[in-house]
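Per-entry structural report
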2 protein chains.
Amino acid sequence: MRGAPRNNTLIYPHPIDLTMIQSPRGTRDFLPDEMERRRFYEGVLRQTAKRAGFREVQTPIFEEAELFVLKSGPNILNELYAFKDKGGRDLALRPEMTAPAIRSFVNSMSNDPKPVKMFYFGQCFRYERPQSGRYREFFQFGAEIVGAATPQTDAEAVATALEMVKALGLKGYRARIGHIGVLRRRLAEAGVPPDRAPEVLQRLDKRLYDEALSLMEAAGASQEGAESAIGVARVSGGIEALDGIAGEEPGYLRQVLGYLAAMGVDPPEIDLGIVRGLDYYTGMVFEIEAPALGAEKQICGGGSYALSELFGGEPVFSTGFAIGFDRALLALEKEGAPFQGERVDAYVVAVSEDMRARAFEVVGMLRRNGVSADVDLADRKMAKAMKHASAVGSRYAVIVGAEEMASGSVTLRDMSSGEQRLVKVEGLPAAILGH
Amino acid sequence: MRGAPRNNTLIYPHPIDLTMIQSPRGTRDFLPDEMERRRFYEGVLRQTAKRAGFREVQTPIFEEAELFVLKSGPNILNELYAFKDKGGRDLALRPEMTAPAIRSFVNSMSNDPKPVKMFYFGQCFRYERPQSGRYREFFQFGAEIVGAATPQTDAEAVATALEMVKALGLKGYRARIGHIGVLRRRLAEAGVPPDRAPEVLQRLDKRLYDEALSLMEAAGASQEGAESAIGVARVSGGIEALDGIAGEEPGYLRQVLGYLAAMGVDPPEIDLGIVRGLDYYTGMVFEIEAPALGAEKQICGGGSYALSELFGGEPVFSTGFAIGFDRALLALEKEGAPFQGERVDAYVVAVSEDMRARAFEVVGMLRRNGVSADVDLADRKMAKAMKHASAVGSRYAVIVGAEEMASGSVTLRDMSSGEQRLVKVEGLPAAILGH
């Protein structure tokens, strides 16, 4: 096994195929309109995170594969894009960013004032068959609060996630909150040994109650205990759903919901059946879904967890979440959320060839004054250049003619109304920007 | 050879090492202060590109390895991070973004109004020994004008690159412009066969004139012709350096410089020895360097080229450039360019435990009104919470006490001056944002 090739013939034994190369399966090119929309919503999420006192971090696109194995177990290797570096280390494209963020905390931020509140945005990679809303290269926006273990911390994470979804403008979404501790304890009380609990929890997470029941009984649980556990997994509804649930978790969740209410955040529904698969979750767990997306409807998931010790750091409690950026945007699209990109302000057209240099003077001046401006680069005659101005969606055309230039003026044409007027060159930026 | 592992034991024959995992060699974590600086300058470049009528595109982190081989030749394979996908295709982390951008143009933009002006920003990967200013994961900001072959197009690309460097605030930089056609023709005239030209050009690019001379003579060039070629490669200076150079290229470059002058851009120096290594450059070539960086001083390179046909598209001429984002930022750092990040506006502190929920009310209200606000999450007593407000660099502390709250007020403390005053809760956003 090896990573980058040293011997080219291993990779290219066949003649190079000159048909059109495409982007690799499961990946996408984002063209200008879509990219502008994505940068806009990325900005909305970033702004919301910063407003809540989170600060951005960025980790590499790849990590030592071991990092993800430590977090998620060896099965994760089947879903990783893996390769070796020149030192023979096993590397992998990141499948998620919580592990890298916590690694970065352990390496470089463990002495910072706590809690450290960080967020991140970027590509993640999953080596699976592409399907609707699931890509091999996908984007996550996540946040972590590291170094505090209080109901306030959990409330802050849930509130930030919900504010983000709201800030995106998504209307149809549903948030649910639970506490992994309730089910874990109930399984233990029912007599399910700790090493058999994960498979049971996995079934409960998928609402496969019959399978969970069989597994519990096969693992030595009493029928009564097993049924009681399933009863807990089905608890959902308003805050009153917590009434009658034993243990300290209901009280803890009530505190979280109390802080959310204080912050003016609509309370998530209670759902004690949320499991979120992985062992490192320690307490509160939550999910946000957009039902319009159908089967792949989860757009955000999070909870409190302990990872830093696994990565060689001090034990530190954290709460975090990640928003599936692609799915959130897909949900917005399904809701028909309008997005109007910004096109170029002005397209400068020379009336004749001898005015071309003057057109470039005007373009340079406009840009220096904060106007986005484009200019014909293809030696087009005026009529064709005007057509191009329209094709690129420019708001205005600036027509540079010899006669008008002689008196220091140009013609400003509003491309939507077709209205034209003479404007002094020095007054152009104000005329275009409208102040 | 294979990519992602199917058999875990191949990757983990050894017990997992629990010492602290680091980011992979040649990669970096960007912590909040640095990340804020990077996002700021990324924004400056994006703004400059948009102002010049460029629109953003984004391509995948990895591509079919073939794409880069087509562009740069098979030697590039030694510098790629490569792996296979489940379909057995050879993939590679992108070493640069011109090839992906042109592939994307060929796949999806070839029917758009031309020229297509696009820009992109992101990670690239180079499988080499890390050294100062050179990372295995590095960042490029690039732009391409696709589908026009005029002096105006070349001027637009050079002007945009120079405006970007200026917009970053870099002071010590030097731009040089040349035309690959002059040297190419001179080599042919001297009798160097086309297949021997690349090695000669490579030496000339590195200013290894003696080696270039020997190679030319070994390739069958006359001594006179070889010396004349070297003479041309040494031509540099102001626009008058073009006087006496035969061929159409000097006239073409004069036109490019004319349009640059019209746009108000300081003219680059003439340097006919710029080669930029690769065969696909067809005409104008340019480079910008920051001498403060020493040996690795080039921060931008570009020129006109033809690539789309190579990737299976129609023949289309393009001009583009890429800025080495990491080096540009390193140059700014060496110049001591000041950067002041934005810290959180307000840190909300409860005077006592029973005021905690009220503190969260205030935080929620502040954020909804556009104030970035943080709050104690660690059950700190007031004095320690005030210390934390200072540690996170908050501009203000908002102190929530029972007595003040009874009259709907809180104490607003300016963290730099220490000045305190009572403010009505509803007046807090205006008091903090200063309007």
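Reading the values: the criteria
- Residues numbered from 1 in each chain as written.
- Chains lettered and ligands numbered in written order.
- Predicted model: local features only at pLDDT ≥ 70, side-chain atom pairs only at ≥ 80, totals over all residues.
- Heavy atoms only, no water.
- Helix = DSSP H or I, 4+ residues; strand = E, 2+ residues; numbered from the N terminus.
- Rg over C-alpha atoms; globule rule 2.2 N^0.38 Å.
- Buried < 20%, exposed > 50% of the residue type's maximum accessible area, 1.4 Å probe, protein only.
- Contact = heavy atoms within 4.5 Å.
- Areas by Shrake-Rupley, 256 points an atom, 1.4 Å probe, with all protein chains shown as cover.
- Lys, Arg positive; Asp, Glu negative; His and termini not counted.
- Charge placed at Lys NZ, Arg CZ, Asp CG, Glu CD.
- Phe/Tyr/Trp six-rings, centres within 6.5 Å; stacked < 30°, edge-to-face > 60°.
- Lys NZ or Arg CZ within 6 Å of the ring centre and 35° of its normal.
- Arc of directions from axis to C-beta.
- Expected span 1.5 Å × (residues − 1).
- Axes fitted to C-alpha atoms, helices over the stretch in contact; angles between N-to-C directions.
- Left-handed = near helix turned anticlockwise from the far one by under 90°.
- Nonpolar A, V, L, I, M, F, W, Y, C, P; charged D, E, K, R; others polar.
- Least-squares fit on C-alpha atoms with pLDDT ≥ 70 in both.
- Pairing = 2+ DSSP bridges.
- Buried area = accessible area lost by both parts, 1.4 Å probe.
- Salt bridge = Lys/Arg side-chain N within 4 Å of Asp/Glu carboxyl O.
- Polar contact = N/O pair within 3.5 Å; in protein donor to acceptor, adjacent residues only side chain to side chain.
- Parallel < 35°, antiparallel > 145°, perpendicular 65-115°, else oblique.
- Disulfide = S-S within 2.5 Å.
- pLDDT = per-residue confidence, 0-100.

Here we take up the overall build of chain A. Along its length, chain A carries 15 helices and 17 strands. Relative to its length of 435 residues, chain A is extended, with a C-alpha radius of gyration of 28 Å against a globular reference of 22 Å. With the principal axes as the frame, chain A shows a C-alpha extent of 95 × 65 × 45 Å. For chain A, with 435 residues in total, the buried portion stands at 58%. Taking as baseline every contact in chain A between residues at least 6 positions apart, the subset at least 24 positions apart corresponds to 67%. Of the roughly 17300 Å² of accessible surface on chain A, 49% is carried by carbon and sulfur atoms. In chain A, which carries 53 positive and 59 negative side-chain charges, the distance between the mean positions of the two groups comes to 4 Å.

As enumerated under the stated definition, the model contains 33 aromatic pairs over all chains in all. Members of the aromatic cluster, each reached through a chain of ring pairs, are A:Phe62, A:Tyr81, A:Phe83, A:Phe125, A:Tyr127, B:Phe62, B:Tyr81, B:Phe83, B:Phe125 and B:Tyr127. In this structure, A:Lys117 packs its charged tip against the face of A:Phe54, placed 5.0 Å from the ring centre. Just above the ring of B:Phe138 sits the side chain of B:Arg126; from NZ or CZ to the centre is 4.1 Å.

All names here are of chain A. Buried within helix α9 (residues 223-233) are the following residues: Gly225, Ala226, Ala229, Ile230, Val232 and Ala233. Buried residues of α9, seen end-on, are gathered within an arc of 155 degrees and therefore sit on one face of the element. On its buried side, α9 packs onto α6 (180-190), α7 (197-205), α8 (209-218) and β9 (269-271).

Before going further, it helps to examine helix α12 (residues 356-368) of chain A. Residues and elements named next belong to chain A. Counted at 1.5 Å a residue, the expected span for α12 with its 13 residues is 18 Å, and the 19 Å between its end C-alpha atoms agrees. Three or more residues of α12 are buried, namely Arg356, Ala359, Phe360, Val362, Val363, Gly364, Met365, Leu366 and Arg367. Of the residues trailing α12, Gly370 is marked for its positive phi of about 85 degrees.

Take the packing of helix α2 (residues 32-51) of chain A against helix α5 (residues 151-168) of chain A next. Residue and element names in this part refer to chain A. Where α2 meets α5, the closest approach of the two axes is 9 Å, and the angle between their N-to-C directions is 145 degrees. Crossing of α2 over α5 shows right-handed handedness. In this structure, α2 contributes Tyr41, Val44, Leu45, Thr48 and Ala49 to the contact, and α5 contributes Glu163, Met164, Ala167 and Leu168. For the contact of α2 with α5, the per-class residue count stands at seven nonpolar, one polar and one charged.

So, about the relation of the copies chain A and chain B. Once chain A has been moved 0.0 Å along the axis and rotated by 180 degrees, it coincides with chain B to within an RMSD of 0.0 Å. Overall, the copies show the geometry of a two-fold rotation axis. The overlap is high: 100% of the interface residues of chain A also sit at the interface in chain B, so the same surface is used on both sides.

Here the focus is the sheet that holds strand β8 (residues 236-237) of chain B. Residue and element names in this part refer to chain B. Reading across from one edge, β1-β5-β6-β12-β11-β10-β7-β9-β8 is the order of the nine strands in this open sheet, with mixed pairing throughout. The sheet is open, and its two edges are formed by β1 (55-56) and β8, each paired on a single side. Across the face of the sheet, helix α10 (residues 249-262) comes into contact with β7 (174-179), β9 (269-271) and β10 (281-289) while running at roughly 145 degrees to β7.

Taken residue by residue, the interface counts 114 residues in chain A and 115 residues in chain B. Taking both sides of the interface into account, the surface hidden between chain A and chain B amounts to around 10600 Å²; carbon and sulfur atoms contribute 58%. Linking chain A to chain B there are 14 salt bridges. Close ionic contact of A:Arg55 with B:Glu36 constitutes a salt bridge, the shortest N to O distance being 2.6 Å. Inspection of the region where chain A meets chain B yields 38 residue pairs in polar contact (both at pLDDT 80 or more). Considering every element that reaches the side of chain A that touches chain B, the biggest residue donor is α2(A), with nine residues.

What follows concerns the environment of B:Glu211. Residues and elements named next belong to chain B. Mapping Glu211 onto the fold places it in helix α8 (residues 209-218). Relative accessible area serves as the criterion here: at 41%, Glu211 is assigned to the partly exposed category. Along the backbone, Glu211 and Val200 are eleven residues apart, and their C-alpha atoms lie at a distance of 8.2 Å. At a separation of 2.9 Å, a polar atom in the side chain of Glu211 contacts the side chain of Arg203.

Residue and element names in this part refer to chain A. What the nine strands build is an open sheet, ordered β1-β5-β6-β12-β11-β10-β7-β9-β8; its pairing is mixed. The sheet is open, and its two edges are formed by β1 (55-56) and β8 (236-237), each paired on a single side. For strand β11 (residues 298-306) and strand β12 (residues 317-324), the ladder comprises seven bridges, and the chain directions are antiparallel. The partner of Gly303 across the bridge, within β12, is Gly320.

What follows is about the pattern of salt bridges. Residue and element names in this part refer to chain A. Evaluated as defined, the whole model comprises 76 salt bridges over all chains. Among the salt bridges present, the one from Arg358 reaches Glu361, with a minimum N-O distance of 3.3 Å. Residue Arg358 and its partner Glu361 are located together in helix α12, separated by three residues, close to a single helical turn. Take Arg358: its relative accessible area is 31%, and that puts it in the partly exposed class. With a closest N to O distance of 3.2 Å, Arg380 and Asp376 form a salt bridge. With relative accessibility at 22%, the residue Arg380 sits in the partly exposed group.

Once that is clear, we can look at the packing of helix α2 (residues 32-51) of chain B against helix α11 (residues 325-334) of chain B. Packed helix pairs are specified by the crossing angle of their axes together with the interaxial distance, meaning the distance between the axes. Residue and element names in this part refer to chain B. Relative orientation of the contacting elements α2 and α11 amounts to 110 degrees, with a least axis distance of 11 Å. Between α2 and α11, the interaxial angle falls into the category roughly perpendicular. For the pair formed by α2 and α11, the contact residues are Arg37, Arg38, Tyr41, Glu42 and Leu45 on the first element and Phe325, Asp326, Leu329, Leu332 and Glu333 on the second. The residue inventory of the contact of α2 with α11, partitioned by class, reads five nonpolar, no polar and five charged.

What follows concerns the environment of A:Val375. Note on placement: A:Val375 falls in strand β14 (residues 373-375). Separated by 13 residues in sequence, A:Val375 and A:His388 place their C-alpha atoms 9.6 Å apart.

Residue and element names in this part refer to chain A. You can see Glu249 is positioned in helix α10 (residues 249-262). Polar contacts involving the side chain of Glu249 include one to the side chain of Arg185, which spans 2.5 Å. Excluding residues within four positions of it along the chain, Glu249 makes contact with His179, Gly181, Val182 and Arg185.

So, about the pairing of strand β12 (residues 317-324) of chain B. Residue and element names in this part refer to chain B. In terms of burial, β12 is a largely internal element, six of the eight residues being buried. In this structure, strand β6 (residues 137-146) lies alongside β12, joined through seven bridges in antiparallel fashion. Across the sheet, Ile145 pairs through a bridge with Thr319, a residue of β12.

It is worth spelling out the state of the cysteines at this point. Summed over the entire model, instances satisfying the criterion amount to zero disulfides over all chains. A:Cys300 takes part in no disulfide bond, and the closest cysteine sulfur, belonging to A:Cys124, lies 14 Å away.

So, about the pairing of strand β4 (residues 90-93) of chain B. Residues and elements named next belong to chain B. Burial of β4 is two-sided: the residues Asp90 and Ala92 facing one way and the residues Leu91 and Leu93 facing the other way are all buried. In terms of strand pairing, strand β2 (residues 62-64) meets β4 through three bridges, oriented antiparallel. Across the sheet, Glu63 pairs through a bridge with Ala92, a residue of β4. By the bridge criterion, three bridges tie strand β3 (residues 82-84) to β4 in an arrangement that is antiparallel. Its bridge partner lying in β4, Ala82 is registered against Ala92. What sits between the antiparallel neighbours β3 and β4 is a turn of five residues, in which Gly88 has the positive phi angle 85 degrees.

This paragraph deals with the confidence of the model for chain A. Detailed reading of the predicted coordinates is not advisable wherever pLDDT falls low. Residues and elements named next belong to chain A. Across chain A, pLDDT averages 91, with 94% of residues at or above 70. Confidence drops under pLDDT 50 across residues 1-17; counting only partners more than four residues distant or on other chains, this segment forms 38 contacts. As a predicted assembly, this complex carries a pTM of 0.93 together with an ipTM value of 0.92.

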